[in-house]
Structure formats: structure tokens, C-alpha cells
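A structural walkthrough
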Amino acid sequence: MASNISAADAIFRPASRIASVGVSKILAIGARASAMKKEGHPVIVLGAGEPDFDTPDHIKAAAKEAIDRGDTKYTALDGTPELKQAVKGKFARENGIDYALDEITIATGAKQILFNAFMATLDQGDEVIIPTPYWTSHSDIVEICGGVSKLIPCSADAGFRLTAAQLETAITPKTRWVLLNSPSNPSGAAYSRDDYLPLIEVLERHPHVWLMVDDMYEHIVYDDFAFVTPVAIAPHLKDRTLTVNGVSKAYAMTGWRIGYAGGPKELIKAMAVIQSQATSCPSSVSQAASVAALNGPQDFLKERQQSFKERRDFVVEALNSIPGIECRTPEGAFYTFAGCAGMLGKTTPAGRRIETDVDFTDYLLETAHVAVVPGSAFGLSPYFRISYATSKQDLAEAMERIKKACSQLS
Ligand SMILES: Cc1ncc(COP(=O)(O)O)c(C=O)c1O
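Residues numbered from 1 in each chain as written. Predicted model: local features only at pLDDT ≥ 70, side-chain atom pairs only at ≥ 80, totals over all residues. Heavy atoms only, no water.

**Details of the pairing of strand β6 (residues 210-214)**
Here β6 lies mainly inside the structure; four of its five residues are buried. Across five bridges, the pairing between strand β5 (residues 175-181) and β6 is parallel. Bridge assignment links Trp177 to a residue of β6, and that residue is Trp210. With helix α8 (residues 193-205) bridging β5 and its parallel neighbour β6, the resulting β-α-β unit is right-handed. The pairing of β6 with strand β7 (residues 241-246) spans four bridges and is classified as parallel. Following the sheet pairing, Met212 is matched in β7 by Leu242. (Buried < 20%, exposed > 50% of the residue type's maximum accessible area, 1.4 Å probe, protein only. Helix = DSSP H or I, 4+ residues; strand = E, 2+ residues; numbered from the N terminus. Pairing = 2+ DSSP bridges. Right-handed = clockwise from strand over helix to strand, strands pointing away.)

Structural data, given as C-alpha cells:
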């Protein structure tokens, strides 16, 4: 028997849990840039969220060996013992922190780690404190999982870092997590030991608040910046901290989709419940490759770091030479997050007034054919993000074009 429903009921209706989550502005800009390229415009896209290096050969070889060995079936739900052991070794060797194997989880990218963790812990209306500018997915995942992102603006003057006073004020009885990302996508700002200590003091006073740290860009830091992860300085917070990391950025393995985390056993178990009904397990071949990444030679990381540093220095200097643009020197990652307040109120040669950072980045795309992402996509305006994970030639050309476009504003 046919259901008694009206035509209006038959149209597609998205679930309310995605009501506040739009299509990523970054993807939208990428799509526009691709369309312009197809029309024949020489667009340079400075939006990539991945290293422009290749995955090292020894990692690829390990994947091929895994296939030949027959490692092509489901693995243990939240990671093979070999990869968990490699992660344990990495945490001990590089971070000075000790996680048992049952305190470690492996997922299909750090993104799934975040998703598993929030899905496993957030009830409707639970709050997650997220400093802005933030990586868009941090907030979107919280919202999809029924949580409320409590966004705290952290300006360039504050080094784009959350202060203890801001954290103290933001905490309520509904706060479940504070989520910190160091070095940050999009600002490149990183928290030193001294930056973390006052935040740790605040957390000590609020035992109901858990700490999630996204250390994804750990290996991309400059100028002798000493990367540290909070559990190393505050072992007493280990029982309410999730230390998130992955192989994507350090080893140029974004397509292999492996992320990992260390955290309290009960949380790790709860995350496995989510994973078991989402992906069953991470890819067997990618896990074998990640063992090689974590246990293999690490010397190429320094060379890659140096290459990124040269590009960072070039971009920061070029941006700061443009009147009206101010760019803080980031400690890490491969992004600059420059202020464009000096461009607001100006008029384009076509007579359009630049009112927002979106207007400014639209102008750069249309006039200079350079695609960058407005700060509003990361919750802080007026700024724009450049990814310098691209060739020096493209960066030099893009900076020339941006400079010229800015000089034509009146
Ligand atoms: C801060 C941050 N965390 C996590 C991720 C996701 O990494 P994965 O490729 O492991 O899902 C990204 C990717 O852009 C990122 O920028």
C-alpha cells in the first residue's frame, strides 16, 4: 500500500544535525578557481592543505610489500598491533610521553580520530572551546556530533593563541573539551611550553574539562621552535587528554588516510565503538605504510622543513612589503594568515568597494587570478590564508600579482 505522504514530504530533507554545517568555503573557492582555469585564466591556487612533496619511497615500498604479503583483509578494529607499537615508539621517542597499546587508537585520518572522539563523548548541547582562527573541520565535526563550538577570537596581537584568562572565562558547567591545534591551520601559530603552562593551570582548576590537542603539524616548525605536546609537560592531565596526530602532513601521506591518537583507555574504547560502525578499521595497506613512516628514517623531515621555511620567509616578507597588509611570522605549518584591515574601505578599478576579507579575496581571484582563502572561513576577519606548499615560481608570480592588484586599489 502506498504511503499517504504529500509531494512536499517527498523532497530531500537533510538531517538537522548538519543544518549549521555549510559546504566548506575552501572547497567552494577551489571549485571557482578550477572553473576559471578551465575558461583559460592562469589561476594560481594558494589553498592546498597538503605538502607538495611525494610520499618517500621506503614508505611506498612497505605498502607494496604489504599487498604482496596478503595484508589485504580487515585488521584489528582500531589498528594493527604493529602500527600501535610504532605509535607508542613515536610518542616515547619524539614527545617523551608513554602510552600503553590499549591507550592508542588508529583511524582513517586524524579527521576520523576527531570525529570518533566527539561522537563518543558529546551529548546534545555540550560545549567545546575552540580558539579562532580554527581549522573549519574542528568546529563542523563538533556541530555534527551535537556539540556547540564555543569560538574564542585570538587576534594576531595575541599571537593567535588562547590566553588563560580567555579560557577561564569560556569554561561553563557544559564544557566537555577545549581543543587546541599547534602549529595551527590556518595561522601557523604554535604554543610553546610557556604558552601551555598557564592554560594547564586553568584546566587543573576545572577537572570536568578535557583537553584535545591536534598536533598534526608537529614536524613542520621553524627557527628552532621547540614543539611540545601538553601531556609531556602535564602528565597529571594524561587521564583527560587526547593527543591527536597523523602521518598526513609530516610524511606527505594525505591520501593514505591514517591518523592516530593516545588517550585514556575508556575514551579509546568508546571511540572504537564509533569506528566499528563507521569504517570497521583503517586500510590495512596504509597501516603497513605508516609503520614504515614512523619506524623508518626521519632525516628527510629536516630537509623538507628547510624548504618550507624558505618559502615561509619569502611569503611573509613579500606580504609585509605591501602597504595595508600585515603578516605575522608563523612558527609552523605551511600557512600564513595575514591581516588585510588596511584594504577595507578601498575601491577596485571596477568601482567596487572592499568591505570584507571575502571582498578582498574575491578581488584577488578575479583580478590577480590568485586563489587564497578569506579569514572568515576560519572564524576570524579581516585576514586571508595563503598555503605556501607550492612551487617557488608560483609563489613569486602570485606575490607579484597580489602586490600589483593591491596597488590598483584606491
Ligand atoms: C589541523 C589539522 N588537523 C587534522 C587534519 C586532518 O588530517 P588527516 O589527513 O589525518 O585527516 C588537518 C588537515 O588539513 C589539519 O589541518
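Picking up where we left off.
**Notes on the site of the ligand**
In the vicinity of the ligand, the contacting residues are Gly109, Ala110, Lys111, Trp135, Asn181, Asn185, Asp214, Met216, Tyr217, Ser248, Lys249 and Arg257. Between the ligand and the protein, one listed contact pairs an oxygen atom with a backbone N or O atom of Lys111 at 3.0 Å. Arg257 places a polar side-chain atom, nitrogen or oxygen, 2.7 Å from an oxygen atom of the ligand. Across the complex, the protein chains shield 93% of the 390 Å² of accessible surface that the ligand would expose by itself. (Near = heavy atom within 4 Å. Polar contact = N/O pair within 3.5 Å; in protein donor to acceptor, adjacent residues only side chain to side chain. Areas by Shrake-Rupley, 256 points an atom, 1.4 Å probe, with all protein chains shown as cover.)

**Remarks on the sheet that holds strand β11 (residues 373-374)**
An order of β9-β12-β11 is seen for the three strands of this open sheet, with the pairing classed as antiparallel. The two strands at the open ends of the sheet, each matched to only one other strand, are β9 (335-339) and β11. Sitting on the sheet, helix α12 (residues 299-320) is in contact with β9 and β12 (383-387), with an inclination near 10° to β9. (Contact = heavy atoms within 4.5 Å. Axes fitted to C-alpha atoms, helices over the stretch in contact; angles between N-to-C directions.)

**Topic: the sheet that holds β7**
The sheet built from seven strands is open, its strands ordered β2-β8-β7-β6-β5-β3-β4 with mixed pairing. With one partner strand each, in any of the chains shown, β2 (104-107) and β4 (148-153) form the two edges of the open sheet. Here the strands of the sheet are splayed against their neighbours by 20° on average, with no regard to which way each runs. Across the sheet, helix α6 (residues 136-144) is in contact with β3 (127-132), β4, β5 and β6; its angle to β4 comes to roughly 150°. Packed onto the sheet, helix α10 (residues 265-278) meets β2, β5, β6, β7 and β8 (259-262) and runs at close to 20° relative to β2.

**As for the packing of helix α3 (residues 57-69) against helix α11 (residues 284-295)**
Direction vectors running N to C along α3 and α11 enclose 140°, while the axes themselves pass 8 Å from each other. The orientation of α3 relative to α11 falls into the category oblique. Here the hand of the crossing between α3 and α11 comes out right-handed. Across the interface between the two elements, His58, Ile59, Ala62, Ala63, Ala66, Ile67 and Arg69 of α3 pack against Val285, Ala288, Ala289, Ala292 and Ala293 of α11. Among the residues forming the contact of α3 with α11, the class breakdown is ten nonpolar, one polar and one charged. (Parallel < 35°, antiparallel > 145°, perpendicular 65-115°, else oblique. Left-handed = near helix turned anticlockwise from the far one by under 90°. Nonpolar A, V, L, I, M, F, W, Y, C, P; charged D, E, K, R; others polar.)

**Overview of the packing of aromatic side chains**
Across all of its chains, the model carries 16 aromatic pairs by this definition. Taken together, a centroid distance of 5.3 Å and an interplanar angle of 75° make the contact between Phe53 and Phe308 edge-to-face. Remark: Phe308 occurs in helix α12 and Phe53 occurs in the loop between β1 (44-45) and α3; sequence separation between them is 255 residues. Relative accessible area serves as the criterion here: at 25%, Phe53 is assigned to the partly exposed category. (Phe/Tyr/Trp six-rings, centres within 6.5 Å; stacked < 30°, edge-to-face > 60°.)

**Things to note about the side chain of His219**
Looking at where His219 falls in the secondary structure, it is placed in the loop between β6 and α9 (230-233). Beyond its immediate chain neighbours, meaning those up to four positions away, His219 contacts Glu94, Ala250, Leu301 and Gln305.

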